[in-house]
Amino acid sequence: MSEILLIPGPTPVPPAVLKAMDAQMINHRSAEFTALAKECHEGLQWIFQTQNHVIIMPCAGTGGLETAVVNLVSPGDHVLACTIGAFGDRFAKAAEAYGCKVEKMEEPWGRAIDPQKLAARLAEDKQGSIKLILVTHNETSTGITNPLKEIAAVCRNHPALLAVDAVSSLGAIDLKTDEWGIDVVVTGSQKALMCPPGFCAISVNGRAWEACEKSKMPRLYFDWRGYKKQIAKLHTPYTPAVSLYYALAASLKLIREEGLEKAFARHARVARICREGVKELGLELFADPNHFSDTVTAVKAPSGVDPAELRKAVRQKGFVLAGGQGHLVDQIFRIGHLGYISEADVRSGLKAIGEALAQIRG
Ligand SMILES: *Cc1c(COP(=O)(O)O)cnc(C)c1O
């Protein structure tokens, strides 16, 4: 039975993208590879809305986030981690793992970062002790999109670098890397880019490259400087995930056909349909309505209903939902609606949820 994945990654891969991967390997030190890489890099620059070089590295999204830490700061450096959920916590953990002095600015799960509060904290740091600010654009664990444009504007009044986790937003929710002055933006292949899991993409601006040169962090595979040396030829320091370049070139073609603005509008429309459908089922949304995510919807399990049991019943109807993360595991379930997902997919998924609820309640 074919299932429809309504989870926030990996997302369904379009048939044209699957087909593009059914091709023989090529020498990754050839003009042929460079031509393919050029297509991929230019497409990513367009989606990141940047003139920066975008690094493509084989690893999960978390690896991309880790590279931001190991290339931008040194052990002992003061890092301000803005976290509103599981993925913000993970970004903070990466900085802790490398011996940074991590200060967390937290909001309760289900809420967004308050730019005014961040502004006040940064204004206190008159000596410029804070070297790096970590922000999650879209917190996938709670279904919240942070007001990134406002947050970035606040950060620009302080010398610290700003690194953004855009793994579950880039390509689905507007993110103007250059216009908003964001130093580093990281995404993954398996979300709005509609590719299989396996590579991350990282936009690095001039300030970030300078910090990378100065960083005293130990690094080898994750060292951005290896990538920098190869930029002109568009080669990579280590073997690239060749099949995923085939996939990315094909998915970029689809995204270009739809257009970036139209893709954002589609995600907003599908998210609205999802939230309205959830409410029509008599269920409650988890997140702060002022900051609802357009890529993932967190839903409170009704009292007396185990969200794991509900997901299991929905799965039998052909739709895969995501569970809650961290302390929310028994309280919520999540509906992913990013990438290759249509209005009809979400409507059918909601119908299945309604039927499964009726079944459970008997
Ligand atoms: C999916 C996701 C990641 C990365 O997950 P990986 O499993 O490491 O690819 C990071 N941040 C956010 C916000 C995500 O949604």
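Residues numbered from 1 in each chain as written. Predicted model: local features only at pLDDT ≥ 70, side-chain atom pairs only at ≥ 80, totals over all residues. Heavy atoms only, no water.

*Asks:* When you look at the overall build of the chain in this model, what are you seeing that I'm missing?
*Replies:* Within the chain one finds 12 helices and 14 strands. The C-alpha atoms of the chain give a radius of gyration of 20 Å, which matches the 21 Å a tight globule of 362 residues would have. In terms of principal-axis extent, the alpha carbons of the chain reach across some 65 × 55 × 30 Å. When burial is assessed residue by residue, the chain has 60% of its 362 residues classed as buried. Long-range pairs, those at least 24 residues apart, make up 73% of the contacts in the chain with a sequence separation of at least 6. When the accessible surface of the chain is summed, it comes to about 14800 Å², and 52% of that surface belongs to carbon and sulfur atoms. Placing the 41 positive and 39 negative side-chain charges of the chain at their respective mean positions leaves the two points 2 Å apart. (Helix = DSSP H or I, 4+ residues; strand = E, 2+ residues; numbered from the N terminus. Rg over C-alpha atoms; globule rule 2.2 N^0.38 Å. Buried < 20%, exposed > 50% of the residue type's maximum accessible area, 1.4 Å probe, protein only. Contact = heavy atoms within 4.5 Å. Areas by Shrake-Rupley, 256 points an atom, 1.4 Å probe, with all protein chains shown as cover. Lys, Arg positive; Asp, Glu negative; His and termini not counted. Charge placed at Lys NZ, Arg CZ, Asp CG, Glu CD.)

*Asks:* I would appreciate a short explanation of the pairing of strand β10 (residues 199-204) in the present structure.
*Replies:* For a regular strand, side-chain orientation follows a simple rule: the groups alternate between the two sheet faces. Along β10, six of the six residues are buried, which leaves the element largely enclosed by surrounding structure. Burial along β10 is two-sided: F199, A201 and S203 facing one way and C200, I202 and V204 facing the other are all buried. Sheet analysis places strand β2 (residues 54-58) next to β10, joined by five bridges and oriented antiparallel. Paired with V54 across the two strands is S203, which belongs to β10. Where strand β9 (residues 184-188) meets β10, five bridges bridge the pair, whose relative direction is antiparallel. In the strand pairing of β10, V184 is matched with V204. (Pairing = 2+ DSSP bridges.)

*Asks:* I tried to follow the site of the ligand on my own but got confused; where do I start?
*Replies:* Taken together, 13 residues lie near the ligand, and T62, T140, D165, Q190 and K191 sit nearest. Within the side chain of D165, an N or O atom sits 2.6 Å from a nitrogen atom of the ligand. Contact with the protein chains hides 87% of the accessible area of the ligand, taken as 390 Å² for the molecule alone. Elements that contribute at least two residues to the shell around the ligand include exactly α3 (61-72) and α4 (86-97). Residue classes in the shell around the ligand are distributed as three nonpolar, seven polar and three charged. (Near = heavy atom within 4 Å. Polar contact = N/O pair within 3.5 Å; in protein donor to acceptor, adjacent residues only side chain to side chain. Nonpolar A, V, L, I, M, F, W, Y, C, P; charged D, E, K, R; others polar.)

*Asks:* Can you walk me through the packing of helix α11 (residues 307-315) against helix α12 (residues 343-361) in this structure?
*Replies:* Two numbers describe how α11 lies on α12: the axes approach to 9 Å, and their chain directions differ by 120 degrees. Taken together, the axes of α11 and α12 lie oblique to each other. Where α11 crosses over α12, the handedness of that crossing is right-handed. Only A352, I353, A356, L357 and I360 of α12 make contact with α11, whose side of the interface consists of E309, L310, A313 and V314. Of the residues belonging to the contact of α11 with α12, the class tally is eight nonpolar, no polar and one charged. (Axes fitted to C-alpha atoms, helices over the stretch in contact; angles between N-to-C directions. Parallel < 35°, antiparallel > 145°, perpendicular 65-115°, else oblique. Left-handed = near helix turned anticlockwise from the far one by under 90°.)

*Asks:* What am I meant to see in the sheet that holds strand β1 (residues 4-6) here?
*Replies:* Within a sheet, adjacent strands bond to each other through the backbone by hydrogen bonds, running parallel or antiparallel. Spatially, five strands are ordered β1-β13-β14-β12-β11 in an open sheet, and the strand pairing comes out mixed. Each of the sheet's edge strands pairs with one partner strand only, and the pair in question is β1 and β11 (284-285). Pairing of β1 with strand β13 (residues 319-323), which is carried by three bridges, proceeds in the parallel orientation. The partner of I4 across the bridge, within β13, is F319.

*Asks:* I tried to follow the side chain of S215 on my own but got confused; where do I start?
*Replies:* Among the secondary structure elements, S215 is positioned in the loop between α7 (206-214) and α8 (224-229). In this structure S215 comes out as buried when scored by relative accessible area, which is 9%. Side-chain polar atoms of S215 contact the backbone oxygen of V73, separated by 2.8 Å. The residues contacting S215, other than those within four sequence positions of it, are V70, N71, V73 and S74.

*Asks:* What exactly am I supposed to notice about the side chain of T236 here?
*Replies:* Here T236 shows up in the loop between α8 and α9 (242-258). Of the residues examined, T236 reaches a relative accessible area of 6% and is grouped as buried. A distance of 2.7 Å separates a polar atom in the side chain of T236 from the backbone oxygen of Y238. Apart from residues lying up to four places away in sequence, T236 is in contact with R29, I56, Y227, Q230 and Y245.

*Asks:* For this particular structure, what's the right way to read helix α5 (residues 115-124)?
*Replies:* Because an α-helix packs 3.6 residues into every turn, residues spaced three or four apart end up facing the same way. Within α5, burial applies to P115, L118, R121 and L122. Projected down its long axis, α5 carries its buried residues within an arc of 120 degrees, all on one side. Residues of α5 that are exposed and angled more than 90 degrees away from the buried face: Q116 and E124. Turning to α5, the residues buried within the fold contact β3 (78-83), β4 (101-106), β5 (130-136) and α6 (148-155). The N-cap of α5, judged by a side-chain oxygen 3.0 Å from the amide nitrogen of Q116 a few residues on, is D114. (Arc of directions from axis to C-beta.)

*Asks:* Even after reading the chapter, I still don't get the layout of surface pockets, so can you show me in this structure?
*Replies:* Gaps left between atoms show up when a probe the size of a water molecule is rolled over them. Approximately 300 Å³ is the volume attributed to the largest pocket. Around the largest pocket sit 15 residues that line it, and L72, K131, L161, A211 and K214 are the ones nearest its centre. Those elements that provide at least two residues to the lining of the largest pocket are β5 and α7. Among the residues making up the lining of the largest pocket, the classes are represented as seven nonpolar, three polar and five charged. (1 Å grid on protein atoms, 1.4 Å probe; cavity = no way out; pocket = protein on both sides within 12 Å on 5 of 7 lines; lining within 4 Å. Points joined across faces, edges and corners; volume = space filled by probe spheres on them.)

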